[in-house]
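Letter by letter, the chains look like this.
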Amino acid sequence: GAVVSQHPSWVICKSGTSVKIECRSLDFQATTMFWYRQFPKQSLMLMATSNEGSKATYEQGVEKDKFLINHASLTLSTLTVTSAHPEDSSFYICSAPLDPGAGELFFGEGSRLTVL
Amino acid sequence: AQKITQTQPGMFVQEKEAVTLDCTYDTSDQSYGLFWYKQPSSGEMIFLIYQGSYDEQNATEGRYSLNFQKARKSANLVISASQLGDSAMYFCAMREWGAQKLVFGQGTRLTINP
């Protein structure tokens, strides 16, 4: 199957700082990537759809100015949590499809963010 | 509105027994896909099985099979001969082809007892 890699796996930061998480498709090109957030013992909630070369599409209730998404190339999407606060502490996981129109999504390993 | 519903927060099963994890979905699209993912405590999402809305046969992948009942809008996962390593969270998900994104159910925590 296709491989999606995420970095860093975990990060601890101080409140008020910004954190960048990278999502790379290693052996395929991804015009679309999806960013999810998962709080403990909860399901994955879609935050936004990242589109290569254009603006991301955010789900209702997700602050686009706080969660900046950049899809600069066909293999890289980044999520920047700006001015992070403790309530932003969560597990962030990205995914990408081989086929934008059908089929499964391949997931990164996830990034666990802890904001002190 | 909730599009994917998993009504079993937790399931406990004896090793080697079969287990069925329930999943119902809601969509007005004709073209969609249904997926099951396993999430162990490490957090990674492991793809298990896929069923397309036009597939007439139930999908099978090794010990995993998907009981697809289109009229009832259900897509239950059946794990045969459960193993201790099957203990994990299991998520049902749906992808409407027009929307592209994958939407998850609440998940079921499966615990296999020796």
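Preceding block: the structure.
The following paragraphs examine the structure supplied in this document.

1. Let's talk about the overall build of chain A
What chain A contains, in helices and strands, is 0 helices and 11 strands. In chain A, the order of α-helices and β-strands from amino to carboxyl end is β-β-β-β-β-β-β-β-β-β-β. A compact globule built from 116 residues should have a C-alpha radius of gyration of about 13 Å, and chain A, at 13 Å, falls within 12% of that. Out of the 116 residues belonging to chain A, those deemed buried represent 51%. Across chain A, contacts joining residues at least 24 apart in sequence account for 53% of those joining residues at least 6 apart. Surface summary for chain A: the accessible area is close to 5,700 Å², and the carbon and sulfur share equals 53%.

2. Some thoughts on the sheet that holds strand 7 (residues 67-73) of chain A
Residues and elements named next belong to chain A. What the 4 strands build is an open sheet, ordered 1-3-8-7; its pairing is antiparallel. The sheet terminates laterally at strand 1 (4-7) and strand 7, the two strands that pair on one side only. Averaged over all pairs of adjacent strands, the angle between their axes in this sheet comes to 15°, without regard to strand direction. Across 5 bridges, the pairing between strand 7 and strand 8 (residues 76-81) is antiparallel. Within the sheet, the bridge partner assigned to S73 lies in strand 8 and is L76.

3. A short note on the interface of chain B and chain A
Taken together, the contact between chain B and chain A spans 16 residues of the former and 21 residues of the latter. Between chain B and chain A, a total of about 1,500 Å² is buried, with carbon and sulfur atoms accounting for 54% of that surface. Joining chain B to chain A, the criterion identifies 1 salt bridge. When the shortest N-O distance is used, the salt bridge between K101 of chain B and E59 of chain A registers 3.0 Å.

4. A short note on the pattern of salt bridges
Residue and element names in this part refer to chain B. All chains considered together, the criterion is met by 6 salt bridges over all chains. Note that E96 is salt-bridged to K3, the shortest N-O span being 3.0 Å. Here K3 lies in the segment before strand 1 (4-5) and E96 lies in strand 10 (residues 88-96), a separation of 93 residues in the sequence. Given a relative accessible area of 32%, K3 falls into the partly exposed group. A salt bridge links R63 to D86; the nearest nitrogen and oxygen atoms lie 2.8 Å apart. Here D86 lies in the loop between strand 9 (74-79) and strand 10 and R63 lies in the loop between strand 7 (60-61) and strand 8 (64-69), a separation of 23 residues in the sequence. Judged by relative accessible area, R63 falls into the partly exposed class, the value being 22%.

5. Points about the state of the cysteines
Residues and elements named next belong to chain A. One pass over the structure, following the stated rule, counts 2 disulfides over all chains. The partner cysteine of C23 in its disulfide is C94, sulfur to sulfur 2.0 Å. Residues C23 and C94 are joined through a disulfide that is right-handed, its torsion about the S-S bond being 85°. With C23 in strand 3 (residues 19-25) and C94 in strand 9 (residues 90-99), the pair connects residues that are 71 residues apart, well separated along the chain. Judged on exposure class, the residue C23 and its partner C94 are both buried.

6. Section: the side chain of S77 of chain A
All names here are of chain A. The topology assignment puts S77 in strand 8. A distance of 3.0 Å separates polar atoms of two side chains, one belonging to S77 and the other to W35. Once you skip the residues sitting within four places of it in the chain, S77 turns out to touch I21, E22, C23, M33, W35, S50, I69, N70 and H71.

Calculation notes
- Residues numbered from 1 in each chain as written.
- Chains lettered and ligands numbered in written order.
- Predicted model: local features only at pLDDT ≥ 70, side-chain atom pairs only at ≥ 80, totals over all residues.
- Heavy atoms only, no water.
- Helix = DSSP H or I, 4+ residues; strand = E, 2+ residues; numbered from the N terminus.
- Rg over C-alpha atoms; globule rule 2.2 N^0.38 Å.
- Buried < 20%, exposed > 50% of the residue type's maximum accessible area, 1.4 Å probe, protein only.
- Contact = heavy atoms within 4.5 Å.
- Areas by Shrake-Rupley, 256 points an atom, 1.4 Å probe, with all protein chains shown as cover.
- Pairing = 2+ DSSP bridges.
- Axes fitted to C-alpha atoms, helices over the stretch in contact; angles between N-to-C directions.
- Buried area = accessible area lost by both parts, 1.4 Å probe.
- Salt bridge = Lys/Arg side-chain N within 4 Å of Asp/Glu carboxyl O.
- Disulfide = S-S within 2.5 Å.
- Polar contact = N/O pair within 3.5 Å; in protein donor to acceptor, adjacent residues only side chain to side chain.

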